[in-house]
Each structure stands twice: as structure tokens, then as C-alpha cells.
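Residue-level listing of the chains:
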Amino acid sequence: DGYGDHTLANGTVAVLQVGNIINPAQWGVNGTSDAAIMQVIVDTIPDYTVIDASKLSIDMDALVTITSKNNITIQNGRWHWNHQGNNMIALSGTLASPKFKSMTCVGNDDIFQPLGCIGCANGTVTTDWVVDDCTFDKLPFGVYINADTSGSHTNPYVSNSTFSNAKRYASDSSSGSGLGLVFAGNIIGGKSSLNTFDGNGRHGLYVANGGNVTSLSDTFLNHRKPDGSALVVELVDTPQTNVKVLAPVFEGNRVRHIRIGSDTPSVNGVLSSVSILSPSFTVDANAAADLIDVLSGYSVKIKDVTLDIGTSSFD
């Protein structure tokens with residue numbers, strides 16, 4: 001309102017912050033072994049707090065868990081996953097509106113862990129989990145929205161984010177690494193919108209174990225590993241319901257673009273109600289894999305396909 005503004009010597013204006021906005025630097029975060037301090041912060045702050053890490057590089061040398069908070073927002077900053085444990089930030093308990101915005105999350109080339117950079121513990125229940133305008137690079141997973149038999153996620157929404165260079169290494173004993181965004185389990189109203197999946201090692205967007213998920217105008221670029229697919233919809237235990245993929249764009253992929261169903265359907269069950277509408281494929285000259293594999297399922301609809309195949313040869 002002007003009463004708390006102060007003009008500084010260099011001509012910029014310092015504005016009094018009103019509301020629960022903190023910067024981790026106020027608590028001693030300095031870019032070295034910061035996870036312990038971050039854990040104290042998320043344990044101490046009240047609901048409706050914004051953790052704004054602007055201009056900070058944060059060394060996440062251990063897992064930080066946010067338990068049973070409402071309307072907690074973490075935004076901005078460079079977050080370095082620098083440990084061998086599962087997850088960098090995990091949600092636990094029951095949470096309303098956890099939000100992650102404009103974060104740049106990076107990993108090391110030697111991290112092989114299977115779970116997500118931002119993920120959740122078993123039995124976690126969330127409503128309106130939001131990830132927006134974030135970058136995930138060189139991570140075994142980007143975002144892991146998993147609801148087991150005791151958990152659920154209502155209206156999780158991931159948008160305008162980039163998932164790149166998620167690597168699956170030959171030395172990695174877990175089949176889970178090398179993924180971008182995962183929706184698994186009891187998902188109600190999940191949405192992936194305007195995200196980019198670029199150069200991931202196993203899968204880009206992975207939907208499994210039941211739930212209602214819509215992918216809207218996601219882009220899949222340069223998927224490169226022969227044991228993966230850019231987009232996967234599969235079943236493990238429970239019926240898959242109402243998965244819709246609208247206007248996806250696939251470019252430059254050298255391996256299978258879309259996989260519906262499992263390589264072992266006798267073990268993993270049968271899919272139902274999968275719709276892929278208006279997909280666009282631009283296939284480079286070296287592509288030799290299938291565009292779309294339907295390995296198991298029924299009520300599978302694929303409509304209005306656009307192909308730019310050049311001189312490629314594929315099935």
C-alpha cells in the first residue's frame with residue numbers, strides 16, 4: 001500500500017512482505033547439506049505458508065518429508081538432488097493443496113534410485129496437488145503421484161513443466177528409473193497438461209494401476225531407449241478406467257511411441273476405456289519401432305492420427 005515501501009540507494013524498491021512468505025536463506029540454507037534445515041522449516045511452518053527459494057541453490061542431500069500440511073507452496077530456486085535415497089521431497093499423511101511452482105530440479109549422473117524427485121509416501125491422501133512451471137533434469141523420476149490401496153489423490157494437476165534426461169542405466173537394478181511423470185493407483189481427476197517429455201530413458205508419461213487421468217496437449221520428444229515408450233498406459237492390479245490422451249505431439253522418437261497394456265497381460269490384467277484422440281507423429285529417418293502397441297485391452301480408441309513419416313520404415 002506504499003507505507004512499507006523503501007527506495008534503496010541503487011534505485012530499486014524494497015517492499016514489506018505481508019503474509020506467510022519465507023525464504024529458506026532466513027533459516028540458514030546456504031547451498032551445502034541443506035536437507036536438515038529444510039526439514040525443520042516444513043515441520044515448523046504453519047498452513048498457508050509460501051517457501052520462496054528465489055536466487056537460492058539448495059543442496060538436497062537427504063529426503064525432506066512434508067506431513068499433513070494444508071496449502072503449503074514451494075516455489076523458485078534450483079534444487080539439487082544429491083543423495084542416494086528415494087525422493088527429494090515427499091508428501092505424507094493427509095494434505096490439501098500442496099503446490100510446487102517454478103522450481104528447477106536437477107540430479108547427478110550416478111543416481112539410480114527408483115522413486116520420484118517430488119513424490120509421496122505409502123498411504124498419502126492429497127487433494128489439489130499442483131506442480132506447475134517446473135523443470136526436472138537428470139533425475140531417475142520427475143514427479144511420482146502414487147496412490148496405493150490406502151492412499152488416494154484427487155485432482156492432482158501437473159502442467160507447463162519439462163521432464164528431460166531421466167536416465168535408466170544398465171547398472172540400475174530397478175526397472176522404475178528413467179521416467180518423467182507417473183500417475184499410479186487411486187487417481188481421481190488427474191491431469192497432465194502442456195508438459196514436455198524430452199529424452200527420457202524409459203518412459204515419459206506413465207499411467208498405471210487404475211484411476212482417471214487426462215493428458216492434454218503434452219509433447220514427447222527424442223525418446224531414446226529400446227526398453228521404453230514415450231507414453232505408457234498399463235495395468236498392474238486394478239482395473240484401468242477412463243484414461244484420455246488428447247492432442248499429444250510425438251517428435252523424433254526412435255523407439256515405441258505409445259504402449260497400451262503390459263508385456264505380460266496374463267499377470268497384469270486387462271485395460272479398459274483408453275482413448276487417444278488427435279495424436280501427431282513426426283518420425284525421423286532412423287525410426288524403426290512401432291508407433292503404437294496395444295498389447296492388451298478393450299474399449300481402446302485411437303482417432304484422427306496425423307503422420308509425417310518421411311522415408312522411415314516401421315510398423
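Data block above holds the structure.
Conventions adopted
- Residues numbered from 1 in each chain as written.
- Predicted model: local features only at pLDDT ≥ 70, side-chain atom pairs only at ≥ 80, totals over all residues.
- Heavy atoms only, no water.
- Helix = DSSP H or I, 4+ residues; strand = E, 2+ residues; numbered from the N terminus.
- Buried < 20%, exposed > 50% of the residue type's maximum accessible area, 1.4 Å probe, protein only.
- Contact = heavy atoms within 4.5 Å.
- Areas by Shrake-Rupley, 256 points an atom, 1.4 Å probe, with all protein chains shown as cover.
- Pairing = 2+ DSSP bridges.
- Core = buried A, V, L, I, M, F, W, Y, C linked by side-chain atoms within 4.5 Å.
- Polar contact = N/O pair within 3.5 Å; in protein donor to acceptor, adjacent residues only side chain to side chain.
- Disulfide = S-S within 2.5 Å.
- Phe/Tyr/Trp six-rings, centres within 6.5 Å; stacked < 30°, edge-to-face > 60°.
- Lys NZ or Arg CZ within 6 Å of the ring centre and 35° of its normal.
- Axes fitted to C-alpha atoms, helices over the stretch in contact; angles between N-to-C directions.

## Some points on the overall build of the protein
Right, so step 1: A count of helical and extended segments in the protein gives two helices and 36 strands.
Right, so step 2: For the protein, with 315 residues in total, the buried portion stands at 48%.
Right, so step 3: Taking the intrachain contacts of the protein between residues at least 6 apart in sequence as the baseline, contacts between residues at least 24 apart amount to 76%.
Right, so step 4: Here the protein displays about 13,300 Å² of accessible surface, and carbon together with sulfur accounts for 50% of that area.

## Quick word on the pairing of strand 23 (residues 190–193)
Right, so step 1: For strand 19 (residues 157–159) and strand 23, the ladder comprises three bridges, and the chain directions are parallel. Within the sheet, the bridge partner assigned to Ser-159 lies in strand 23 and is Ser-193.
Right, so step 2: Pairing of strand 23 with strand 26 (residues 211–216), which is carried by four bridges, proceeds in the parallel orientation. Within strand 26, the position partnered with Gly-190 by the bridge is Val-213.

## So, the nonpolar core
Right, so step 1: If you look at the biggest cluster of nonpolar residues, it comprises 58 residues, and the most contacted ones within it are Met-38, Trp-79, Ile-89, Phe-100, Met-103 and Phe-136.
Right, so step 2: At four residues, helix 1 (residues 35–44) tops the list of elements feeding residues into this core.
Right, so step 3: Every residue in contact with Met-38, bar those within four places of it in the chain, is listed here: Pro-24, Val-29, Ile-51, Ile-58, Met-60, Val-64 and Trp-79.

## Structural notes on the side chain of Asp-59
Right, so step 1: Position of Asp-59 relative to the elements: it lies in strand 5 (residues 57–60).
Right, so step 2: From its side chain, Asp-59 meets the backbone nitrogen of Ser-33 in a polar contact 2.9 Å long.
Right, so step 3: Residues within four places of Asp-59 in sequence aside, it is in contact with Gly-31, Thr-32, Ser-33, Asp-34, Ala-35, His-80 and Asn-82.

## Topic: the state of the cysteines
Right, so step 1: The final tally for this structure, using the stated rule, is zero disulfides.
Right, so step 2: Cys-117 forms no disulfide, and the closest cysteine sulfur to it belongs to Cys-105, at a distance of 4.0 Å.

## Quick notes on the sheet that holds strand 10 (residues 94–96)
Right, so step 1: A sheet is described by the order of its strands in space; here four strands give the open sequence 10-14-18-22, paired in parallel fashion. Edge positions in the sheet fall to strand 10 and strand 22 (187–188), since each has one partner strand and no second.

## Section: the packing of aromatic side chains
Right, so step 1: Applying the stated criterion across every chain yields a total of six aromatic pairs.
Right, so step 2: When the ring of Phe-136 is compared with that of Phe-163, the centres are 5.0 Å apart and the planes differ by 10 degrees; the resulting orientation is stacked. On the criterion of sequence distance, the pair formed by Phe-136 in strand 16 (residues 135–137) and Phe-163 in strand 20 (residues 162–164) is long-range, its members being 27 residues apart.
Right, so step 3: Each ring, one from Phe-141 and one from Tyr-144, has its centre 5.2 Å from the other, and the planes form 65 degrees; the classification is edge-to-face. Residue Phe-141 shares its accessibility class with Tyr-144, and that shared class is buried.
Right, so step 4: Through pairs of rings, three or more aromatic residues link up here, namely Phe-136, Phe-163, Phe-197, Phe-220, Phe-250 and Phe-281.
Right, so step 5: Against the face of Tyr-157 rests Lys-191, its NZ or CZ located 5.6 Å from the ring centre.

## Digging into unusual backbone geometry
Right, so step 1: Phi is positive for Asn-155, close to 60 degrees, though the residue is something other than glycine.
Right, so step 2: The residue Asn-155 is located in the loop between strand 18 (152–154) and strand 19 in this model.
Right, so step 3: Assessed through its relative accessible area of 37%, Asn-155 is described here as partly exposed.
Right, so step 4: Residues other than glycine seldom take positive phi values, yet Asn-160 does so here, at roughly 55 degrees.
Right, so step 5: The residue Asn-160 is located in the loop between strand 19 and strand 20 in this model.
Right, so step 6: Residue Asn-160 is classed as partly exposed on the basis of its relative accessible area, which comes to 40%.

## As for the environment of Phe-250
Right, so step 1: Within the secondary structure, Phe-250 sits in strand 30 (residues 249–251).
Right, so step 2: Relative accessible area serves as the criterion here: at 0%, Phe-250 is assigned to the buried category.
Right, so step 3: Once the C-alpha coordinates of Phe-250 and Leu-221 are considered, the two residues, 29 residues apart in sequence, prove to be 6.0 Å apart.
Right, so step 4: Residue contacts for Phe-250: discarding those within four places in its chain leaves Phe-220, Ala-230, Leu-231, His-257, Ile-258, Ser-280, Phe-281 and Thr-282.

## Here we look at the sheet that holds strand 36 (residues 306–308)
Right, so step 1: Taken together, the 10 strands give an open sheet; going across it, the order is 5-8-12-16-20-24-27-30-33-36, and neighbouring strands pair in parallel fashion. Strands at the two margins of the open sheet, each flanked by one partner only, are strand 5 and strand 36. Put simply, the sheet's adjacent strands are angled 10 degrees from each other on average, direction ignored.
Right, so step 2: Note that strand 30 and strand 33 (residues 280–282) share three bridges and pair parallel. Looking at strand 33, one finds that Phe-250 is bridged to Phe-281.

Note that every value here comes from positions in space, so none of it alone points to a role or purpose.
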